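Structural characterization, general
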Amino acid sequence: MASFADAARFLLLTAVGIAGNPSTADAASASPVSGWRSDLDWAALNSKLSSSASLIDTSYDDYAGECRPEFSEPWDSISNHALIDQPSGMCLPWLYLGWEMSWPRPSENGHLNQTFNQAYQDILDLFNDASTDVESWLADPTNPSLNLPSKVLFPSIASDVVAAVNFAKEHGLEISVKNSGHSYQGASSKKNTLLLNMNRYTHYAPTGITDCDASILGSTVTEDLSNQPCLLSLAKNKSSLIRVGGGENFDKVYRAVIAANEEEGYKYHLVGGYAGTVSPMGWSWQGGLGGSTGGRLYGFGVDQVVQLEMVLPNGVHVKFGPTDWEDASAEGFTVPRTKVVSGVCRSNPDEHDEENWVWQSCPEDFDIDFNDMWFAVRGGGGGTWGVVTSVYLQLHDYLPFKSYLFNNPPFRTEKCTAIFPQFAEFVAHYMSAPSLLNVTKERSHACGSPDPRAGIYCHGEEDVMQAWTRFLDLNNSTDPANVACLFSSDKLASHYNLPAPPGYAEFMISFAKNLRADRFPGKVPDDPPGKIGADLAGVLVPQSWLDEGEENRKTLQENGTPYYYAFGGAAASGSDQANSLSQAHRNAAFMAYFSDDYFWGNLFPKMFDISDKTKFPPVFGSNHAGFLTAGPLKEDWTKPCPREWTFEERREKCISFQEAIYGTERLARLEAIKKAVDPQFIFNCVNCVGNNLPEASKSEDDEPSPAEAEPLLGNSSDETSGASFVSSFVAAISATAVYLLIHIM
């Protein structure tokens, strides 16, 4: 088995290291050193912090000593749970994110003068230890490619964040923000910045669930917005919420919901991420794919947000949310359309005790449009609009849970391995063409999957085993051994003499110790990270194109892999029509990966409307957009960005990371909001909105364009979502590698 594991790791590293986008980080300083910006009065900042906050100097030695050892653990036991609590706060889920573009080769200008092909070869050498220079790159504290922060602040309350932002604004510093660092593009770490590591921030989730009193329905929103979350929730026919702090990840939030359910009888359900160390504070702002937690029933992560609390780049502590809405069911939406967003400012920002916070109307010179902020934050990515200190998330009524696994331990057989392609085809039909299996759309939407290899996760009524049997029958393959390749979490629980898990998080906690190494019992596990994260981004395949004919489905089966099923159903209809998540997300059947050569030249013109050459459409899924991705040629959208070009040429002549995610029209609005909200670009994270703007344009005064109406099933070219990606050949290799790594251990 070890040889297969080695092969899998080789395939994975081959897949994830062959594309690139330049970093715009300042390369003037090689690595953070103790006493960074010693000309500033850091003692003045320290004096304004709470007693539980901590401001520290950091260095490469911290990263090398605290973070690198974890990546020497056996592959299936590596965990971000071991990294997020390290004292320096600098650790990242993928080791090489500590260098610009996850590329440790020394470069004085962020690799701009180096080529995609060079990056590819270096990644192969890094994996094979073929280069004698590799260890010297990694061990050199003066390597100019290092991309680590110079000071780290661990805020514990909002006043700490206010003090830090005001200090940065006064002295022209940049701020980077991190919860767990789960950012494929490396947005959570940047050299020559003050990093706000939110991991020690106040935890609200353990006591944060609110059951709304239905008698307030119809009341006026109070001036301090204290009843706004419940009024909006009740307008959605929901009755419960949970407040989550800016430093809490899904492991903490899931366990808070579990504790409440165990105490009160199962009544709450939370839509969240697949891995426990993913945070709502990044996942939600990128869109939030709920493939394992009912996203097709209840919408994307952005659709769960009811109220936001933030410290903005101007240093003001605010909270805001919709205060006027209208029914949109006639247009096919399942939630009200947001008409007006209102906000309040905290008038005593130095007050440490939250019980004494005073929320009032913002002063006359406060010129931030809360409608723009509500739009931008929810879908426009994290780390660039300010610091989210807490959020109210929608809770839904609990539904019975069941997962289905294909050919997983302890029931794996070679026969089942051989028919996996048929299972993948079955999942595609169940999720996006259920009528072919006599399954209703409603029952199909009860299930989702981040990847068929990871299982199918269902909430409520579903027909998975019955549909699987029917699929095999239609394909003349009803051997009982084939039927048994797919089994439920109930069967797994029985095998291990455990109770059937009542929810997704309980399932992950219960079986972690049986299915893989479990160094953190009782916590929701994460996917084992590695030295290099994904650099791919998936295409949001339009449901309308898929429905044109069976031939299109066959094309996908032959050319794309793997698929991510968190789309359709409420993911299309659950929008308040006031968020920046692309219409491509709403219109998608699923997310898939293709060869860049094949996709741009063959599928792209068929899937997306490119008739208007002034508007590049949204194409890619945002949450899993990799750090080295780019779109096609600007002058010919049917041709991929050449790999022999330097990254400087690619940046100039190819569709950018951000354009491929948001589309040029939506990105223009987001960039205008960015300039209005953060004119000093205090928050300027890698590949975030505004990060790719030329320096001269950052000072231009652009007026944010008015919000456009969001159709339920509009043309997918109206918005974008995701980042550009590399190649389907690469994607296929990556998928194969992931499958091997998960299933052979």
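Residues numbered from 1 in each chain as written. Predicted model: local features only at pLDDT ≥ 70, side-chain atom pairs only at ≥ 80, totals over all residues. Heavy atoms only, no water.

Describing unusual backbone geometry
- Geometrically, the link from P409 to P410 is a cis peptide bond, its omega value of 5° lying close to zero.
- Looking at the element boundaries, P410 is found in the loop between β13 (401–406) and α12 (414–418).
- A positive phi angle, near 55°, is found at S102, a position not held by glycine.
- If you trace the backbone, S102 turns up in the loop between α3 (60–66) and α4 (116–128).
- For N438, which is not glycine, the phi torsion reads 60° and is therefore positive.
- As for its position among the elements, N438 is in the loop between α13 (420–432) and α14 (441–445). (Helix = DSSP H or I, 4+ residues; strand = E, 2+ residues; numbered from the N terminus.)

Focus on the confidence of the model for the protein chain
- A residue-level look at the protein chain finds 87% of positions with pLDDT of 70 or above and a mean pLDDT of 87.
- Segment residues 1–34: pLDDT under 50, and 107 contacts once partners within four positions in sequence are set aside and those in other chains are kept.
- A low-confidence stretch, residues 713–745 stays under pLDDT 50, and its non-local contacts, those more than four residues away or across chains, total 153 contacts. (pLDDT = per-residue confidence, 0-100. Contact = heavy atoms within 4.5 Å.)

What to know about the packing of aromatic side chains
- Inspection of every chain in the model, using the stated rule, returns 46 aromatic pairs.
- When the centroid spacing of 4.9 Å and the interplanar angle of 40° are considered together, the rings of W42 and F167 count as tilted. Here F167 lies in helix α6 (residues 158–171) and W42 lies in helix α2 (residues 42–47), a separation of 125 residues in the sequence. (Phe/Tyr/Trp six-rings, centres within 6.5 Å; stacked < 30°, edge-to-face > 60°.)

Remarks on helix α8 (residues 250–264)
- Between its terminal C-alpha atoms α8 stretches 21 Å, which fits the 21 Å expected from 15 residues at 1.5 Å a residue.
- For α8, the set of buried residues is F250, D251, K252, V253, Y254, A256, V257, I258, A260 and N261.
- Where α8 starts, the residue carrying a side-chain oxygen 3.3 Å from the main-chain nitrogen of D251 turns out to be N249.
- Positive backbone phi, approximately 85°, marks G265, located one or two places after α8. (Expected span 1.5 Å × (residues − 1). Buried < 20%, exposed > 50% of the residue type's maximum accessible area, 1.4 Å probe, protein only. Polar contact = N/O pair within 3.5 Å; in protein donor to acceptor, adjacent residues only side chain to side chain.)

Digging into the side chain of H111
- Tracing the backbone shows H111 in the loop between α3 and α4.
- For H111, a relative accessible area of 0% translates into the label buried.
- One polar contact links the side chain of H111 to the main-chain carbonyl oxygen of W103, over a distance of 3.0 Å.
- Residues in contact with H111, not counting those within four places in the same chain, are E100, M101, W103, R105, S145 and F647.

Remarks on the pairing of strand β10 (residues 337–346)
- Of all ten residues that make up β10, seven are buried, and the element is covered over most of its length.
- Alignment of β10 against strand β11 (residues 359–360), held across two bridges, turns out to be antiparallel. Looking at β11, one finds that C345 is bridged to Q360. (Pairing = 2+ DSSP bridges.)

A closer look at the packing of α13 against helix α15 (residues 464–474)
- α15 packs onto α13 with a crossing angle of 120° between their chain directions and a minimal axis gap of 11 Å. Considered as vectors, α13 and α15 are oriented oblique to each other. In the crossing of α13 with α15, the sense of the turn from one axis to the other is right-handed. Residue-level contacts link Q422, F423, E425, F426, H429 and Y430 of α13 to V464, A467, W468 and F471 of α15. (Axes fitted to C-alpha atoms, helices over the stretch in contact; angles between N-to-C directions. Parallel < 35°, antiparallel > 145°, perpendicular 65-115°, else oblique. Left-handed = near helix turned anticlockwise from the far one by under 90°.)

Some details on the state of the cysteines
- Applying the stated criterion across every chain yields a total of seven disulfides.
- Here C345 engages in a disulfide with C362; their sulfurs sit 2.0 Å apart. Across the disulfide from C345 to C362, rotation about the S-S bond amounts to roughly 95°, and the bridge is consequently right-handed. Residue C345 is located in strand β10, and its partner C362 is located in the loop between β11 and α11 (370–377); the two are separated by 17 residues in the primary sequence.
- Here C641 connects covalently by a disulfide to C654, the sulfurs 2.0 Å from one another. On the sign convention where negative means left-handed, the S-S torsion of about 85° between C641 and C654 marks this disulfide as right-handed. Remark: C654 occurs in the loop between α24 (647–653) and α25 (657–677) and C641 occurs in the loop between α23 (596–607) and α24; sequence separation between them is 13 residues. (Disulfide = S-S within 2.5 Å.)

Here we look at the sheet that holds β13
- With antiparallel pairing, four strands are arranged side by side in an open sheet as β14-β15-β13-β16. Pairing within the sheet leaves two strands with one partner each, and these edge strands are β14 (447–451) and β16 (486–488). Direction aside, the axes of adjacent strands within the sheet are offset by 25° on average.
- Where β14 and strand β15 (residues 455–459) come together, three bridges link them in antiparallel fashion. If you follow D451 over to β15, its bridge partner there is G455.

A short note on the pattern of salt bridges
- Enumeration according to the criterion identifies 29 salt bridges in this entry.
- Residue R519 pairs with E70 through a salt bridge whose shortest N-O separation is 2.5 Å. With R519 in the loop between α18 (504–515) and β17 (539–542) and E70 in the loop between α3 and α4, this residue pair connects regions lying 449 residues apart in the sequence.
- Its relative accessible area of 34% is what places R519 among the partly exposed residues.
- Of the charged contacts, one joins K267 and E264 as a salt bridge, the two residues approaching to 3.4 Å between their closest N and O atoms.
- The exposure class assigned to E264 is partly exposed, which follows from its relative accessible area of 43%.
- Counted as one network, the salt bridges with shared partners bring together D324, E326, E331, R337 and K339. (Salt bridge = Lys/Arg side-chain N within 4 Å of Asp/Glu carboxyl O.)

Comments concerning the sheet that holds strand β2 (residues 151–154)
- One open sheet accounts for four strands, arranged β1-β2-β4-β3; its pairing is mixed. Pairing within the sheet leaves two strands with one partner each, and these edge strands are β1 (54–57) and β3 (174–178). Between one strand axis and the next, the sheet turns through 25° on average, direction left out of account.
- Summarising the sheet, β3 and strand β4 (residues 193–197) pair through five bridges and their orientation is parallel. Counterpart to S176 in the pairing with β4 is L195.

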